[in-house]
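The residues making up each chain are set out below.
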Amino acid sequence: MTKLQQQVKVNGAAVTALRREISEMRVKQLEQQKQLQDQEQKLLEQTQVIGEQNARLAELERKLRELMDSAVGDSPAGTSLETPCKRSRKAADSPRQSKRLRSKK
């Protein structure tokens, strides 16, 4: 009987320790859930900003393409668009076109 009472005490202490551990895990889980919600909100905001930037970039590329087309259309055949006082740019100095702009030509 004494042995059984000792085993009940040991088991009671183990159950108490497990309950404490479960409680701590619940707190951690709630913290992680809050972090996840915060990160999802940031991701949503960043996705929105990227979408706005993509729209702006597409608009700027469209305007640049229109300017380039109108500049080519305005110049007589075989003449340069540069004025004599400007030095010509080296290929390395010229701005690179984005893949999207190059692919639409």
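Keep in mind it's a predicted model, so treat the numbers as computed, not measured.

Conventions we followed
Residue positions are counted from 1 within each chain, in the order its sequence is given. Selection of residues for local features in this predicted model requires a pLDDT of at least 70, selection of side-chain atom pairs for listing and counting requires 80 or more, and totals for whole chains, interfaces and linings are taken over all residues. Only hydrogens and water are set aside when side-chain values are computed; all heavy atoms of the structure are taken into account. In DSSP terms, a helix is any run of H or I states spanning at least four residues, a strand is any run of E spanning at least two, and both are numbered starting from the N terminus. Type-normalised accessible area, obtained with a 1.4 Å probe on protein chains alone, sets the label of each residue: buried when under 20%, exposed when over 50%, and partly exposed for intermediate values. Computed by Shrake-Rupley with a 1.4 Å probe, the accessible areas treat only the displayed protein chains as cover when residues are assessed. In what follows, salt bridge is the name for a side-chain nitrogen of Lys or Arg lying within 4 Å of a carboxyl oxygen of Asp or Glu. Patch definition: residues with relative accessible area over 30% and no salt bridge; like charges joined within 9 Å; nonpolar side chains (Val, Leu, Ile, Met, Phe, Trp, Tyr) joined within 5 Å. Values of pLDDT, the confidence the predictor places in each residue, fall between 0 and 100. In this analysis, two residues are considered to be in contact whenever any of their non-hydrogen atoms come within 4.5 Å of each other.

**Some details on the overall build of the protein**
A count of helices and strands for the protein gives two helices and zero strands. Looking at the protein residue by residue over its 105 residues, the buried ones come to 3%. Accessible area for the protein stands at about 10,000 Å²; split by element, carbon and sulfur atoms hold 57% of it.

**Quick word on the pattern of salt bridges**
Between side chains of opposite charge, a pair can form when the charged atoms approach closely. Scanning all chains against the criterion turns up four salt bridges. Salt bridges sharing common partners tie together E59, R62, K63 and E66.

**Concerning a nonpolar patch on the surface**
A surface patch of nonpolar side chains, amounting to about 370 Å² of accessible area, comprises M1, L4 and V8. By secondary structure assignment, the location of M1 is in the segment before α1 (2-74). Residue M1 is classed as exposed on the basis of its relative accessible area, which comes to 76%.

**What about the confidence of the model for the protein?**
Residues at a pLDDT of 70 or more form 70% of the protein, whose mean pLDDT is 82. Contacts for the low-pLDDT stretch residues 81-94, under 50 throughout, to residues beyond four places or in other chains number seven contacts.

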